[in-house]
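Descriptive analysis of the structure
The primary structure of each chain is shown beneath.
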Amino acid sequence: MIAVENQAPVSENAIPKEASDGFVVPESNAFGQSFRDYESTVRLSIVENTYRLNHINQTYDFVKRTREEYAKLNKVEMSIWEAIELLDSFVDESDPDLEEPQIQHLLQSAEAIRKDYPNEDWMHLTALIHDVGKVLYHSKFGSLPQWAVVGDTHPVGCAFDESICYHKYFKENPDYNNPAYNTKLGVYSEGCGLENVLMSWGHDDYMYMVAKANGTTLPSAALFTIRYHSFYPMHTEGAYKYLMNEEDRENLKWVLTFNKYDLYSKSNVHIDVEKVKPYYESLIKKYFPEKLRW
Ligand SMILES: O[C@H]1[C@H](O)[C@@H](O)[C@H](O)[C@@H](O)[C@H]1O
Ligand SMILES: [Fe+2]
Ligand SMILES: [Fe+2]
């Protein structure tokens, strides 16, 4: 049986729903509200404003330019753990369910998946590093604003799907009225594969690029998970399926498995960083070089 234990506290009268794989989905988050409630989260104003800026500014051109710039990997050299430590005071302004430093979120999701899949060390490491791309906000990485670092992701260069949260703000994005970019397929073709789709810029694609270019030995399921874990419109809402190919559909199941640990492990109960550090350092050593180019 697979069940997550160190999850957010569940309210008194919550009745946990058990999925077919035995995973118990908590009814409420650390604020006692339902998860991913973009209409009434206690963090509403900060979350909505981050998405407003994201939707207005993430144009096809912005993404293309920014991605090319970061693909150079010429910003800094450091180890994975050093990057993780840079997140010890970073709070994600797009998250309706968490107000803790991101280093805690990394360890919480890794520890939760480790409990249920004790022998799959690559899954522990995937969880540990999935959000490390949020270092993009840091001065050493160019101080990107949060709207270019965090939040759910979506394709650019084609119509913005209605299922994207705070969709109304896309009306202020120049691409919204550009006939080259505002049709169902836009610049893409049916079944072209996500690999050929430009996604709104943020921590997912960046961490994927860093891991791949630095020669990680993590399996492709891990790389796909890192790259698309914020693509909720696709993995949770079922949008943009027509851009996917066979390989994407095969990989989707890993993202869905991972997603439960990413979302439902969010809690205000902190993990002792120094206590778990030796284990995670051993995994980093197994799958990554000592220093990476970022
Ligand atoms: O607010 C969160 C957060 O930024 C996560 O890191 C991202 O993966 C999610 O998709 C998003 O909803
Ligand atoms: Fe993320
Ligand atoms: Fe996450």
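The structure under discussion appears in the preceding block.
Residues numbered from 1 in each chain as written. Chains lettered and ligands numbered in written order. Predicted model: local features only at pLDDT ≥ 70, side-chain atom pairs only at ≥ 80, totals over all residues. Heavy atoms only, no water.

Comments concerning the coordination of the iron ion (ligand 3)
Condition: Only nitrogen, oxygen and sulfur atoms qualify as donors, and only when within 2.8 Å of the metal (3.2 Å in the case of Na, K and Ca); with water excluded, sites may look incomplete. In short, tetrahedral needs four donors with all angles between 85 and 135 degrees, square planar needs four and octahedral six donors with opposite donors over 155 degrees apart and all other angles between 65 and 115, and whatever is left is irregular.
Protein-derived coordination of the iron ion (ligand 3) comes from His105 (NE2), His130 (NE2), Asp131 (OD) and Asp262 (OD), at a distance range of 2.1 to 2.2 Å. Considering all four donor atoms around the iron ion (ligand 3), angles at the metal cover 84 to 172° and the coordination shape is irregular. In terms of primary sequence, the donors binding the iron ion (ligand 3) are separated according to H-x24-H-D-x130-D. The metal-metal distance between the iron ion (ligand 3) and the iron ion (ligand 2) is 3.7 Å, with Asp131 coordinating both.

As for the site of ligand 1
Counted only if it meets this: Here a residue counts as near a molecule or strand whenever at least one of its heavy atoms sits within 4 Å of it. Counted as a polar contact is a pair of N or O atoms within 3.5 Å, where, for protein atoms, one must be capable of donating a hydrogen and the other of accepting one, and residues adjacent in sequence contribute only when both atoms are in side chains. Each accessible area is a Shrake-Rupley result for a 1.4 Å probe, and residues are judged covered by the shown protein chains and nothing else. In this count, Pro and Cys sit with the nonpolar residues alongside Ala, Val, Leu, Ile, Met, Phe, Trp and Tyr, while Asp, Glu, Lys and Arg are called charged and the others, Gly among them, polar.
Neighbouring residues of ligand 1: 15 residues in total, closest Asp92, Ser94, Lys134, Asp152 and Ser230. In the model, an oxygen atom of ligand 1 is placed 2.5 Å from a nitrogen or oxygen of the Asp92 side chain. Contact with the protein chains hides 97% of the accessible area of ligand 1, taken as 310 Å² for the molecule alone. A class-by-class count of the residues in the shell around ligand 1 yields four nonpolar, five polar and six charged.

Topic: helix 10 (residues 273-287)
Just so we agree on the cut-off: Secondary structure elements are taken from DSSP: a helix is a run of H or I of four residues or more, a strand is a run of E of two residues or more, and numbering for both begins at the N terminus. Multiplying one less than the number of residues by 1.5 Å gives the expected span of a helix. Bend at a residue means the angle formed by two fitted axes: the first through the 7 residues ending at that position, the second through the 7 residues beginning there. The cut-offs for exposure are 20% and 50% of the maximum accessible area for each residue type, with area from a 1.4 Å probe on protein chains only; residues under the lower value are buried, those over the upper are exposed, and the others partly exposed. Note on contacts: a residue pair qualifies if any of its non-hydrogen atoms lie within 4.5 Å across the two residues.
Taking 1.5 Å of rise per residue, 15 residues should cover 21 Å, and helix 10 covers 20 Å from first to last C-alpha, within 8% of that figure. Considering bend angle alone, the principal kink of helix 10 is centred on Tyr279 and spans about 30°. Along helix 10, the positions that sit buried rather than exposed are Val273, Val276, Lys277, Tyr280, Leu283, Ile284 and Tyr287. Where helix 10 is buried, its residues contact helix 3 (80-85), helix 4 (102-116) and helix 5 (121-129).

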